[in-house]
Amino acid sequence: MDPKLVKADHFSVVGLHLDGSTSNAFGSSVNRITVSQLPGLNMLGLSTVHVNYARGGVVPPHIHPRATEILVVLEGNLRVGFVTSNADENRLITKDLREGDVFVFPVGHVHFQQNVGRGNVSVIAFLSSSNPGVITVANAVFGSNPSIANDILARAFQVDKTVIDQFQLHF
């Protein structure tokens, strides 16, 4: 952007604190602030999200291909986890967090969160890219367009092709 055209609004956004609707299949809501919403983030190497979770709500397994994420629990009890690489035997690293706790998800690792408390959960997270990207694992595997061939997925998951057909109906 031409520096002469820069305005204060390019460096400010309102509404990150607002709770989103958790009335969905996952019971969670993610309010993202990336370079798309806040042009002033361009080239600064960071972005943020505010996530709300209903009781039992999840952010399903996903990957940020271009960012490490650091999460801070503002309210409630949250189970978090990530899976290490194939070279490290795909170990699950998981922890239950409470208000004020912090957890880091390394760049490119499959990770998730789940509300394990009796009430709602609210978190804020910061990512080390102005455009971190997100790849939801189930959507990518079972909902790609065009679809990954059923025989490939059946072999990868070591199940019958009819099981793959059933999964793909949901995506």
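Only a predicted model underlies this, so the values are computations on that prediction, with no experimental measurement involved.

## Examining the UniProt feature "binding site: oxalate" (unreviewed entry) in the protein
In step 1: On the UniProt side, "binding site: oxalate" (unreviewed entry) is annotated at positions that read His-64 and Glu-69 here. Checked against the lining of the largest pocket, the annotated residues reduce to His-64 and Glu-69.
In step 2: As for its position among the elements, His-64 is in the loop between β3 (58-63) and β4 (69-75).
In step 3: If near-sequence neighbours (up to four positions away) are discounted, His-64 is found in contact with Glu-69, Val-107, Gly-108, His-111, Leu-127, Pro-132, Gly-133 and Val-134.
In step 4: Glu-69 sits in the buried class, given a relative accessible area of 5%.
In step 5: Not counting residues up to four positions away in its chain, the partners in contact with Glu-69 are His-62, His-64, Phe-103, Val-104, Phe-105, His-111, Gln-113, Ala-125, Phe-126 and Leu-127.

## Describing the sheet that holds strand β1 (residues 28-33)
In step 1: As summarised here, the arrangement of the five strands in space is β1-β2-β9-β4-β7, forming an open sheet in which the pairing is antiparallel. Edge positions in the open sheet fall to β1 and β7 (102-105), since each of these has one partner strand only. Across the sheet, the axes of successive neighbouring strands diverge by a mean angle of 20°, strand direction being ignored.
In step 2: Taken together, the four bridges between β4 and β7 define a ladder with antiparallel strand orientation. Looking at the pairing, Glu-69 lines up with Phe-105 of β7.

## Observations regarding the sheet that holds strand β6 (residues 92-97)
In any sheet, the strands associate via hydrogen bonds between backbone groups, in a parallel or an antiparallel arrangement.
In step 1: Taking strand neighbours across the sheet as the criterion, the five strands line up as β6-β5-β8-β3-β10 in an open arrangement whose pairing is antiparallel. Looking at the sheet topology across the chains shown, the edges are occupied by β6 and β10 (135-136).
In step 2: As paired strands, strand β5 (residues 78-83) and strand β8 (residues 111-115) are joined by five bridges and run antiparallel to one another. If you follow Val-80 over to β8, its bridge partner there is Gln-113.

## With respect to the side chain of Asn-52
In step 1: Positionally, Asn-52 belongs in strand β2 (residues 47-53).
In step 2: Assessed through its relative accessible area of 6%, Asn-52 is described here as buried.

## Some thoughts on the environment of Val-30
In step 1: Tracing the chain through its elements places Val-30 in strand β1.
In step 2: On a C-alpha basis, the gap between Val-30 and Gly-20 in space is 7.1 Å, while along the polypeptide they are ten residues apart.

Reading the values: rules and limits
Residues numbered from 1 in each chain as written. Predicted model: local features only at pLDDT ≥ 70, side-chain atom pairs only at ≥ 80, totals over all residues. Heavy atoms only, no water. UniProt positions renumbered as here; feature names shortened; annotations may be inferred. 1 Å grid on protein atoms, 1.4 Å probe; cavity = no way out; pocket = protein on both sides within 12 Å on 5 of 7 lines; lining within 4 Å. Helix = DSSP H or I, 4+ residues; strand = E, 2+ residues; numbered from the N terminus. Contact = heavy atoms within 4.5 Å. Buried < 20%, exposed > 50% of the residue type's maximum accessible area, 1.4 Å probe, protein only. Pairing = 2+ DSSP bridges. Axes fitted to C-alpha atoms, helices over the stretch in contact; angles between N-to-C directions.

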